[in-house]
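# Observations on chain architecture
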Amino acid sequence: MKYRQLGNTELKVSEISFGTWAIGGGWGAANDTEALKGLERAMKAGVNFFDTADVYGDGHSEELLAKATKGREDEIHIASKFCRAGDIHDPAAYSNEAVKAYCENSLRRLERERLDLYQIHCPPKHILEDGRVFQVLDTLQQEGKIRHYGVSVETVEEGLICLQQPNVRTLQVIFNIFRQKPLEELLPKAKANGVGILARLPLASGLLTGKFTKASTFAEDDHRRFNREGEKFNVGETFAGLPFEKGVELSEALNWIAEGRGNMTRGALRWILDHKEVSCVIPGFKTVNQVEDNLQASESAYYSKEEMEQLKLFYQNQVLPHIRGGY
């Protein structure tokens, strides 16, 4: 496993780390036994960083991480997120009392005394512009409940607002072959400011694995069904904001990225890792096989300059016109 510095923090994190939305809920049926095996397999391979949130299965993913990392609290770093268990538009949800309660509930489920990274979970722009929530996080840091804090954002504009805050240490962004806009301004500025980048939804909800056809269907409790048009939250969180059928067409045009890299999954992750502004990529998983497949990306072939330019033009000409939602 290769490790990268998490921005200006003292933490070095595995360049392939994992998100736990899928094992918590919202991606169809999940099996706790298989999830725990997947977490164990990842840690055995050297993964030392996991991303979660209090709303992933109403805290279930945090509870699974507690079981998996028991006794390894010093070596396995955990990032969680808050605000979406309440009304994200209400300033009261970001008060000292509210955020402290969110944090303590996460710590209780994780069975930890301190979070390594605490992130605001895709709040609206006006909350970030107001800025008082960052003072609340400063207080939690001073109290020793969190080591560092950051923000998970939906848009480049939101990310740039966060970079104005001196103690923001990380940004979590949707970044993949279908979502290249952060490369223009956000990633370079984050790098210059010493802010770490967590690349989420690296496989565009599975589109970039190449496993879907236009006839593919999803369970009722899978966000790839119930949020396909942005019914529940930002449509960008589902299939990178692309209409599903168009996303399948575009993924089929990218099957060449598997050449010399094993498969499209590894090729898609490798593309992200080839950008040094990225601290780590955090694919999700539900099975041990998915964990093992994702881990192989670290040893996959780098992209040439010509291939990078080809993917840039593909994004600009064929993908960008179809992306929906805040970006």
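In the block above lies the structure referred to throughout.
Below or above, wherever it landed, is the structure these notes cover. Since this is a predicted model, take the numbers as computed values, not measurements.

## With respect to the overall build of the protein
The helix and strand inventory of the protein stands at 13 helices and ten strands. Relative to its length of 327 residues, the protein is compact, with a C-alpha radius of gyration of 18 Å against a globular reference of 20 Å. Principal-axis analysis of the C-alpha atoms gives the protein an extent of 50 × 40 × 40 Å. Among the 327 residues that make up the protein, the fraction classed as buried is 58%. Sequence separation of at least 24 residues holds for 77% of the intrachain contacts in the protein that already meet a minimum separation of 6. As presented, the protein carries roughly 13,200 Å² of accessible surface, and 46% of it is formed by carbon and sulfur atoms. Seen as two clouds, the 41 positive and the 47 negative side-chain charges of the protein have centres 3 Å apart.

## Digging into the layout of surface pockets
Looking at the largest pocket, its volume works out to about 950 Å³. Along the walls of the largest pocket sit 46 residues, with W21, A22, W27, L201 and H223 positioned nearest its centre. Looking at the lining of the largest pocket, the elements with two or more residues in it are helix 1 (21–24), helix 9 (223–226) and helix 12 (288–295). The element best represented in the lining of the largest pocket is helix 12, accounting for four residues. Along the lines of polarity and charge, the residues of the lining of the largest pocket split into 15 nonpolar, 19 polar and twelve charged. Considering only enclosed or pocket space, the second largest pocket measures out at about 160 Å³ in volume. Contributing to the lining of the second largest pocket are 13 residues, with Q5, G7, K191, K276 and S279 lying nearest its centre. Residue assignment for the lining of the second largest pocket shows that the elements contributing at least two residues are strand 1 (3–5) and helix 8 (186–192). Across the lining of the second largest pocket, the residue classes tally to three nonpolar, six polar and four charged.

## Some remarks on the nonpolar core
Core analysis: the biggest nonpolar cluster contains 90 residues, and F82, Y118, I120, L171, F178 and L254 have the highest contact counts within it. Once you skip the residues sitting within four places of it in the chain, F82 turns out to touch D54, Y94, V99, Y102, Y118, Q119, I120, H121, V133 and L137. Counting residues in hydrophobic clusters, the runner-up holds nine residues, among them L11, F49, A79 and L117.

## Quick notes on the pairing of strand 5 (residues 77–82)
Counting buried residues in strand 5 gives six out of six residues, a clear majority hidden from the surface. Burial along strand 5 is two-sided: H77, A79 and K81 facing one way and I78, S80 and F82 facing the other are all buried. Handedness of the crossover is the feature at issue here: the chain leaves strand 4 (residues 49–51), passes through helix 3 (residues 60–69), returns alongside strand 5, and the resulting connection is right-handed. Summarising the sheet, strand 5 and strand 6 (residues 115–121) pair through four bridges and their orientation is parallel. Across the sheet, residue K81 finds its bridge partner in strand 6, namely Q119.

## Topic: the sheet that holds strand 6
In space, the eight strands of this open sheet follow the order 3-4-5-6-7-8-9-10, with parallel pairing throughout. Looking at the sheet topology across the chains shown, the edges are occupied by strand 3 (18–19) and strand 10 (280–281). Note that strand 9 (residues 196–200) and strand 10 share two bridges and pair parallel. Bridge pairing in strand 10 links L198 to C280. The sheet strands contacting helix 6 (residues 132–142) are strand 5, strand 6, strand 7 (146–152) and strand 8 (168–174), and the helix crosses strand 7 at an angle near 155°.

## Some details on the packing of aromatic side chains
One pass over the full model with this rule turns up 14 aromatic pairs. Judged by centre distance (6.4 Å) and plane angle (90°), the rings of F226 and F233 are edge-to-face. For F226, a relative accessible area of 28% corresponds to the partly exposed category. Among the aromatic side chains, those forming a connected cluster through ring pairs are W21, Y56, F226 and F233. Sitting over the ring of Y327, R179 keeps its end group 4.0 Å from the ring centre.

## Re the side chain of R179
Checked against the element boundaries, R179 lands in the loop between strand 8 and helix 8. Buried R179, no salt bridge; nearest opposite-charge side chain is E154, N-O distance 5.4 Å. Dropping the residues within four chain positions of it, R179 is found in contact with E154, I174, G236, A240, G241, Y315, I323, R324, G326 and Y327.

Rules and cut-offs
- Residues numbered from 1 in each chain as written.
- Predicted model: local features only at pLDDT ≥ 70, side-chain atom pairs only at ≥ 80, totals over all residues.
- Heavy atoms only, no water.
- Helix = DSSP H or I, 4+ residues; strand = E, 2+ residues; numbered from the N terminus.
- Rg over C-alpha atoms; globule rule 2.2 N^0.38 Å.
- Buried < 20%, exposed > 50% of the residue type's maximum accessible area, 1.4 Å probe, protein only.
- Contact = heavy atoms within 4.5 Å.
- Areas by Shrake-Rupley, 256 points an atom, 1.4 Å probe, with all protein chains shown as cover.
- Lys, Arg positive; Asp, Glu negative; His and termini not counted.
- Charge placed at Lys NZ, Arg CZ, Asp CG, Glu CD.
- 1 Å grid on protein atoms, 1.4 Å probe; cavity = no way out; pocket = protein on both sides within 12 Å on 5 of 7 lines; lining within 4 Å.
- Points joined across faces, edges and corners; volume = space filled by probe spheres on them.
- Nonpolar A, V, L, I, M, F, W, Y, C, P; charged D, E, K, R; others polar.
- Core = buried A, V, L, I, M, F, W, Y, C linked by side-chain atoms within 4.5 Å.
- Right-handed = clockwise from strand over helix to strand, strands pointing away.
- Pairing = 2+ DSSP bridges.
- Axes fitted to C-alpha atoms, helices over the stretch in contact; angles between N-to-C directions.
- Phe/Tyr/Trp six-rings, centres within 6.5 Å; stacked < 30°, edge-to-face > 60°.
- Lys NZ or Arg CZ within 6 Å of the ring centre and 35° of its normal.
- Salt bridge = Lys/Arg side-chain N within 4 Å of Asp/Glu carboxyl O.

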